[in-house]
Protein chains: 4
Amino acid sequence: MKVSEALCKPSDEVKQLLEGLYECSPWVADKFVKERTAQSQGKGDDGAATAPITTVTGLAKALKSIVDDSTQDEKMLLIRSHPDLCEKVSEMANLSEESQDEQSRAGLQSLTVQEFADFERNNAAYKRKFEFPFILAVRNATKYTVLSAMAGRLENSAQQEFAIAMQQVHKIAWMRILAKFESDQPAGFLTCHVLDTANGCPARNMRIQLHRLSPPESAGLVGEFVTNSDGRLDGGPALKGSDFQVGSYEWTFYAADYFASRGTFTSGTPFLDVIPIRFGIDNPDDHYHVPLLVSPWNFSTYRGS
Amino acid sequence: MKVSEALCKPSDEVKQLLEGLYECSPWVADKFVKERTAQSQGKGDDGAATAPITTVTGLAKALKSIVDDSTQDEKMLLIRSHPDLCEKVSEMANLSEESQDEQSRAGLQSLTVQEFADFERNNAAYKRKFEFPFILAVRNATKYTVLSAMAGRLENSAQQEFAIAMQQVHKIAWMRILAKFESDQPAGFLTCHVLDTANGCPARNMRIQLHRLSPPESAGLVGEFVTNSDGRLDGGPALKGSDFQVGSYEWTFYAADYFASRGTFTSGTPFLDVIPIRFGIDNPDDHYHVPLLVSPWNFSTYRGS
Amino acid sequence: MKVSEALCKPSDEVKQLLEGLYECSPWVADKFVKERTAQSQGKGDDGAATAPITTVTGLAKALKSIVDDSTQDEKMLLIRSHPDLCEKVSEMANLSEESQDEQSRAGLQSLTVQEFADFERNNAAYKRKFEFPFILAVRNATKYTVLSAMAGRLENSAQQEFAIAMQQVHKIAWMRILAKFESDQPAGFLTCHVLDTANGCPARNMRIQLHRLSPPESAGLVGEFVTNSDGRLDGGPALKGSDFQVGSYEWTFYAADYFASRGTFTSGTPFLDVIPIRFGIDNPDDHYHVPLLVSPWNFSTYRGS
Amino acid sequence: MKVSEALCKPSDEVKQLLEGLYECSPWVADKFVKERTAQSQGKGDDGAATAPITTVTGLAKALKSIVDDSTQDEKMLLIRSHPDLCEKVSEMANLSEESQDEQSRAGLQSLTVQEFADFERNNAAYKRKFEFPFILAVRNATKYTVLSAMAGRLENSAQQEFAIAMQQVHKIAWMRILAKFESDQPAGFLTCHVLDTANGCPARNMRIQLHRLSPPESAGLVGEFVTNSDGRLDGGPALKGSDFQVGSYEWTFYAADYFASRGTFTSGTPFLDVIPIRFGIDNPDDHYHVPLLVSPWNFSTYRGS
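Residues numbered from 1 in each chain as written. Chains lettered and ligands numbered in written order. Predicted model: local features only at pLDDT ≥ 70, side-chain atom pairs only at ≥ 80, totals over all residues. Heavy atoms only, no water.

Stated precisely, the cut-off is as follows: UniProt positions are given in the numbering used here, feature names are shortened, and annotations may be inferred rather than shown by experiment.
Chain A has the name Parahox neighbor in an unreviewed UniProt entry, where Craspedostauros australis is given as its organism. Entered under Function (unreviewed entry) in the UniProt record, the comment concerning chain A runs "Catalyzes the stereoselective decarboxylation of 2-oxo-4-hydroxy-4-carboxy-5-ureidoimidazoline (OHCU) to (S)-allantoin." What UniProt records for chain A under Sequence similarities (unreviewed entry) is the sentence "Belongs to the OHCU decarboxylase family."

Here it is in structure tokens:
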């Protein structure tokens with residue numbers, strides 16, 4: 001559902017739509033609706049008009065800010081409203097609908113007996129130490145993620161772990177927003193740039209492919225490119241509009257072919273030949289610039305903008 | 001065949017073994033044998049004893065040095081002794097045995113008509129411009145490598161292209177040495193190191209896998225590791241001895257799981273989750289250190305030592 | 001004073017020595033002494049012997065763990081015990097001795113009227129929002145650090161800012177420990193490594209200098225080196241023992257000279273010529289590995305180990 | 001002198017202006033003038049009109065292409081026309097005017113007796129091995145550059161060293177062109193970008209300074225900046241037009257202040273605090289993009305575009 005379509009529904013329906021985003025905490029949706037109503041009636045804090053929310057990013061930010069402005073006690077209550085991961089693995093029931101789906105993806109059912117024992121022991125230790133449940137956004141996690149996150153975070157101090165738990169709470173809300181809503185006009189796009197750091201220039205005429213790896217239903221090759229004289233892709237973004245979807249992607253850079261075309265020395269079995277760069281797109285409203293800096297002997301990439 | 005086993009054979013057999021390494025240039029093997037004989041009889045340039053050659057690296061170096069010390073005319077003759085890549089694609093005959101095998105791997109038979117026409121035209125232009133055949137070590141190349149190398153190198157100056165051709169001649173010899181000989185005791189090994197550049201420390205407890213990708217007959221998982229508190233692998237090198245083979249490999253780093261264990265913020269769909277690093281091992285006598293420097297938002301790797 | 005020398009004094013003297021480390025919070029020193037006494041009498045939690053503390057790192061860790069294990073309310077009290085940075089700029093009085101010195105170094109006296117007004121306004125907003133004073137370890141800070149930290153952190157949520165304030169509290173304690181104590185046998189040392197990423201090998205024969213920049217009284221050239229065939233420094237660490245001091249340093253790498261020696265192309269005015277790498281040593285017990293990865297067109301460095 | 005102003009002079013004057021650029025090789029200037037005349041009369045190779053040359057880059061390219069198209073013998077003659085660096089250090093006479101100036105800048109007069117002896121011995125060995133003089137563009141070199149270049153290049157093969165000598169010949173010509181001519185409308189400019197790789201976003205509100213280090217007569221602060229929300233500089237390029245001069249520069253990035261404003265953890269004495277990035281601008285017609293990728297624990301930069 002488009003964000004603005006959702007938000008222009010009657011208050012009760014809006015509340016219902018937003019209620020599940022922060023676990024068992026309808027007060028967040030409630031406060032959101034009240035604030036928006038007040039603002040649309042010019043009763044905002046400063047009486048100024050507020051821009052309408054039209055993106056998932058904007059919606060997430062507004063809800064997050066309500067939670068951030070709540071008291072320490074309200075936050076603790078919110079954290080404590082989250083289900084116990086461990087119980088749920090046994091039961092897989094009584095979860096809010098969203099949680100259930102998230103946790104089955106993490107493959108927690110496939111835990112071995114030994115792993116489950118570790119999990120249970122650490123989970124108990126966690127609750128004893130922090131007095132709130134272990135929270136982790138599990139939609140893109142595996143059982144290894146869960147196990148290592150629990151073991152690692154057990155060593156944190158209480159205030160660190162409180163901050164991390166709140167981060168996870170917001171991340172879970174974000175994933176639920178993405179599953180339920182979409183920006184009116186998603187503005188995100190993906191660009192690339194290849195720099196040849198052995199020769200100090202843009203890498204011209206390098207072949208590149210882009211594959212979508214997940215979600216599985218749309219996996220496959222989504223583009224083939226050749227860099228131009230500035231090391232960029234002709235024809236604009238590699239992905240934009242409806243093609244720019246949240247998920248996991250992989251660039252394939254044909255680096256050794258490029259260096260062969262320049263006569264730059266590479267070893268017989270090139271140290272770097274075909275270079276895969278796997279990356280995730282999390283926000284449909286953002287510009288993702290994912291470049292490659294490459295010589296025959298090293299490379300790097302980063303989340304640019 | 002072990003290098004020292006080969007080199008202690010009678011002179012005529014040694015010559016025969018080495019003859020095909022530099023294309024149609026038996027004078028290289030000839031000179032090598034003469035020099036070794038003279039040295040073993042204390043007739044070396046400086047009368048000093050010469051260390052016996054026991055590695056493929058040592059053998060390649062000794063032969064390369066003979067070629068490097070030859071005259072400009074001898075080098076040009078050596079370059080001109082190489083077959084015309086283009087003719088061979090049509091004929092696939094009359095090649096030295098080694099060349100034939102190399103070229104079939106490049107998949108040049110699968111050229112489309114258009115590609116073949118481009119290839120032929122560029123090849124003719126190359127010979128016209130430089131007056132020697134286009135040389136490229138093709139064992140790990142694809143048709144794209146060949147086509148882009150030819151198109152790109154056509155723009156070089158004559159002295160650049162002469163230098164590149166000699167580089168390729170040595171690379172071809174190296175690949176042939178590797179196919180025929182092996183070091184008495186290959187000393188090469190592979191190590192890893194993971195640094196967490198978001199937190200400024202070694203990445204502890206990161207899961208890593210190592211797969212061999214080629215040669216195809218030995219492809220598969222070759223190791224699973226977890227980094228220790230120094231970000232390195234317990235138990236020494238990931239590969240050494242007979243497991244350390246020339247070929248193509250891939251590390252798989254479970255970066256998002258690691259950051260989850262530290263509570264370091266990553267996005268819902270992590271920008272970096274599972275990170276593949278594909279690299280080639282070219283020299284069975286060398287130490288390959290292939291580390292990962294990683295934050296949730298960028299990473300880099302390099303050929304270390 | 002050596003750590004073990006300090007810790008073997010009578011309990012009252014130990015308490016006095018440690019009292020000022022956590023601002024106005026003698027309970028930390030108190031608890032430390034009690035725990036150590038209990039442990040030395042075999043009354044530790046688990047009755048096991050505890051290793052003696054002999055390093056500043058060990059001392060800092062022990063004190064930090066006491067603070068981390070305290071309640072939320074105790075932590076809040078600790079935070080609130082810190083002086084108001086703003087008042088102190090006007091007064092520069094009634095500070096614990098350590099705070100006074102730290103703040104004069106930050107050059108807060110040199111604030112312009114406009115800057116002071118910004119500072120005061122943000123400081124007031126900070127206290128209003130978070131209900132505790134703005135805390136920042138200022139020993140190595142300038143007025144710009146203070147101003148930008150205050151402006152930036154004002155936007156945080158309460159739980160983020162609470163976590164950051166605690167980080168700063170620990171950092172201040174650490175700086176005070178360093179000013180007062182030293183490890184029995186400081187084990188820290190500094191190493192270097194230069195990799196040539198254009199040629200895929202260690203950079204051999206690169207000239208390097210090391211200067212100490214601060215503290216001012218010991219500033220100056222502390223070493224000149226030439227890399228060996230592995231790209232490292234012969235003769236072991238660049239700094240160790242009593243030469244390895246907390247402070248600010250700068251490597252000077254003569255990169256263009258190195259590339260000239262290899263014949264690697266650089267531009268007329270080289271893009272990279274003399275490369276300074278400025279870095280700080282914070283912990284006298286740690287290994288600092290500060291390498292350079294360099295081609296004529298890019299470079300990087302990192303905190304290695 | 002503006003390039004197009006120079007090139008529209010009578011042929012004889014043009015020849016005279018260009019004659020000294022390639023050492024003792026008036027045939028290059030001669031051929032250049034003939035080709036331009038032919039082209040302007042529609043007698044070019046293909047009868048097509050040729051675009052007028054209006055930049056130093058264009059002029060250098062045209063002259064280089066004449067040299068590249070000459071025969072191997074002509075190139076060898078050109079190389080051999082260069083003065084012997086070693087003789088000249090003793091004499092400092094009979095050099096073309098340009099060479100003299102260049103060499104005095106390299107500080108070769110300050111060689112110690114031992115260094116001069118090394119220099120002389122290596123120089124003799126070089127000439128014996130390659131049968132042509134050692135060529136190095138020395139305008140930005142020091143005696144260390146010269147000594148290490150000579151020692152290092154002595155180990156090259158003849159064809160490698162021939163290619164490097166030609167590179168140096170072109171580089172010397174380029175430096176002489178820059179000293180004598182300027183582009184009609186220099187299009188070069190300098191930009192910056194700062195990415196925070198710890199937080200995966202542009203670094204907002206980071207203070208940056210830019211100093212010119214050389215030529216000495218124009219050294220000093222040339223700009224102060226604060227990054228905008230995209231991590232870039234408001235107001236366009238940091239240098240453009242007549243401010244964008246060939247020479248040596250240094251960015252100063254106030255990284256620790258930036259991280260303090262975000263509350264990102266840095267050590268007491270920050271590992272990275274003020275980060276200098278020293279770089280050279282060689283081409284007045286080019287875009288230089290010199291970014292910083294930085295976390296509290298590592299950074300990198302590169303020649304972007």
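That shown, we press on.
## Observations concerning the overall build of chain A
Condition: Put simply, DSSP marks the helices as runs of H or I at least four residues long and the strands as runs of E at least two long, and each gets a number from the N terminus on. The buried label goes to any residue with under 20% of its type's maximum accessible area, the exposed label to any with over 50%, and the partly exposed label to all in between, with areas taken from a 1.4 Å probe on protein chains only. By definition, residues are in contact when any of their heavy atoms lie within 4.5 Å. Areas reported as accessible are Shrake-Rupley estimates using a 1.4 Å probe. Residue values count occlusion only from the protein chains shown. Residues counted as positive are Lys and Arg, residues counted as negative are Asp and Glu, and His and the chain ends are not counted. A charge is said to be at NZ when it belongs to Lys, at CZ for Arg, at CG for Asp and at CD for Glu.
Of the regular secondary structure elements, chain A holds eleven helices and eleven strands. Principal-axis analysis of the C-alpha atoms places the extent of chain A at approximately 65 × 55 × 35 Å. Among the 305 residues that make up chain A, the fraction classed as buried is 55%. In chain A, of all internal contacts separated by at least 6 residues, the share reaching a separation of at least 24 is 69%. Total accessible area on chain A stands at roughly 12600 Å², and carbon and sulfur atoms take up 50% of it. Between the centroid of the 31 positive side chains of chain A and the centroid of its 40 negative side chains there is a distance of 2 Å.

## A look at the side chain of D:Asp282
We apply this condition: Any pair of N or O atoms that falls within 3.5 Å is considered a polar contact. Within protein, one atom must be able to donate a hydrogen and the other to accept it, and sequence-neighbouring residues count only if both atoms are side-chain atoms.
Position of D:Asp282 among the secondary structure elements: in the loop between β8 (274-281) and β9 (287-289). A distance of 2.9 Å separates the side chain of D:Asp282 from the backbone nitrogen of C:Thr269, its partner in a polar contact. Those residues in contact with D:Asp282 that lie beyond four places of it in its chain are C:Ser267, C:Gly268, C:Thr269, D:Trp174, D:Met175, D:Leu178, D:Val246 and D:Tyr288.

## Remarks on the UniProt feature "domain: Transthyretin/hydroxyisourate hydrolase" (unreviewed entry) in chain A
The residues that UniProt annotates with the feature "domain: Transthyretin/hydroxyisourate hydrolase" (unreviewed entry) are residues 190-304 of chain A. Within the segment residues 190-304 of chain A, helix and strand shares are 7% and 45% respectively, and the terminal C-alpha atoms sit 10 Å apart.

## Concerning the interface of chain A and chain B
Rule in force here: Here the quantity called buried area is the total loss of accessible area, with a 1.4 Å probe, experienced by two parts when brought into contact, counted for both. Only one rule defines a salt bridge in this text: a Lys or Arg side-chain nitrogen within 4 Å of an Asp or Glu carboxyl oxygen.
At the interface, 50 residues of chain A touch 49 residues of chain B. Here chain A and chain B share an interface that buries about 4000 Å² over both sides, 57% of which is from carbon and sulfur atoms. When the area that chain A buries against chain B is broken down by residue, the three leading residues are A:Thr269, A:Phe271 and A:Arg278, summing to 17%. On the surface where chain A and chain B come into contact, there are two salt bridges.

## With respect to helix α11 (residues 255-262) of chain C
Of all eight residues in α11(C), seven are buried; the element is thus mostly enclosed. After α11(C) finishes, the residue C:Gly263 shows a positive phi value of roughly 75 degrees.

## Brief notes about the packing of helix α9 (residues 143-153) of chain A against helix α11 (residues 255-262) of chain B
Quick reminder of the rule: Axis definition: a line fitted to C-alpha atoms, limited for helices to the stretch in contact. Angles are taken between N-to-C directions and run from 0 to 180 degrees. Oblique is the label for every angle not falling under 35 degrees (roughly parallel), over 145 degrees (roughly antiparallel), or within 65 to 115 degrees (roughly perpendicular). In this scheme the crossing of two helices becomes right-handed for a clockwise turn of the near helix relative to the far one and left-handed for an anticlockwise turn of less than a right angle. Residues are grouped as follows: Ala, Val, Leu, Ile, Met, Phe, Trp, Tyr, Cys and Pro are nonpolar; Asp, Glu, Lys and Arg are charged; every other residue, Gly included, is polar.
The contact between α9(A) and α11(B) brings their axes to 6 Å, and the two run at 30 degrees. The angle between the axes of α9(A) and α11(B) places the two elements in the roughly parallel class. Relative to α11(B), the crossing made by α9(A) is right-handed. Mapping the contact onto sequence places A:Tyr144, A:Thr145, A:Ser148, A:Ala149, A:Gly152 and A:Arg153 in α9(A) and B:Asp257, B:Ala260 and B:Ser261 in α11(B). Here the contact of α9(A) with α11(B) is built from residues that sort into three nonpolar, four polar and two charged.

## Quick notes on the pairing of strand β8 (residues 274-281) of chain A
Residue and element names in this part refer to chain A. How we decide: By the convention used here, strands pair only if DSSP detects at least 2 bridges between them.
Across the eight residues of β8, seven count as buried, placing the element largely inside the fold. Relative to β8, strand β7 (residues 247-254) runs antiparallel, the two being bridged by eight bridges. Across the sheet, tyrosine 249 pairs through a bridge with phenylalanine 279, a residue of β8.

## Things to note about the sheet that holds strand β1 (residues 189-191) of chain C
All names here are of chain C. Spatial ordering of the open sheet is given by β6-β1-β9, a layout of three strands whose pairing is mixed. On the outer flanks of this sheet lie β6 (239-240) and β9 (287-289), each paired with one strand and no other. When β1 meets β9, the two strands line up parallel, connected through three bridges. Following the sheet pairing, threonine 191 is matched in β9 by histidine 289.

## Section: the relation of the copies chain A and chain B
Here is the rule we go by: When the copies are superposed, the least-squares fit takes in the C-alpha atoms of residues with a pLDDT of at least 70 in both.
Laying chain A over chain B is done by rotating through 180 degrees and shifting 0.0 Å along the axis; what remains is an RMSD of 0.0 Å. Seen this way, the second copy is the image of the first under a two-fold rotation axis. Closest approach to the rotation axis among the C-alpha atoms of chain A is made by A:Ser300, whose C-alpha sits 2.0 Å away. Looking at the interface residues of chain A, 98% of them are also at the interface in chain B, so both copies use one shared face.

## A word on the state of the cysteines
Heads up, the condition is: Working definition: a disulfide is two cysteine sulfur atoms within 2.5 Å of each other.
Taken as a whole, this structure holds zero disulfides over all chains when the rule is applied. With no disulfide partner, A:Cys201 has as its closest neighbouring cysteine sulfur the one in A:Cys192, 15 Å distant.

## Looking at the sheet that holds strand β1 (residues 189-191) of chain B
Spatially, three strands are ordered β6-β1-β9 (chain B) in an open sheet, and the strand pairing comes out mixed. Of all strands in the sheet, those with a lone pairing partner are β6 (239-240) and β9 (287-289) of chain B, marking the two edges.

## A word on the pattern of salt bridges
Taken as a whole and assessed by the stated rule, the structure comprises 56 salt bridges over all chains. Notably, a salt bridge pairs C:Asp196 with C:Arg262, separated by 3.9 Å at the nearest N-O pair. Residue C:Asp196 is found in strand β2 (residues 194-196), and its partner C:Arg262 is found in helix α11; the two are separated by 66 residues along the sequence. A salt bridge links D:Arg232 to D:Asp230; its shortest N-O distance comes to 2.8 Å. Taking relative accessible area as the criterion, D:Arg232 reaches 30% and is therefore assigned partly exposed. Taking the relative accessible area as the measure of exposure, D:Asp230 reaches 28% and is therefore partly exposed. Members of the salt-bridge network, linked through shared partners, are A:Lys15, A:Asp30 and A:Lys34.

## Examining the packing of helix α3 (residues 26-40) of chain A against helix α4 (residues 56-68) of chain A
All names here are of chain A. Put simply, α3 and α4 touch, their axes get as near as 10 Å, and they point 110 degrees apart. For the element pair α3 / α4, the angle class is roughly perpendicular. Each of Trp27, Val28, Lys31, Phe32 and Glu35 in α3 lies in contact with α4, whose residues at this interface are Leu59, Ala62, Leu63, Ile66 and Val67. When the residues that make up the contact of α3 with α4 are grouped by side-chain class, the tally is eight nonpolar, no polar and two charged.

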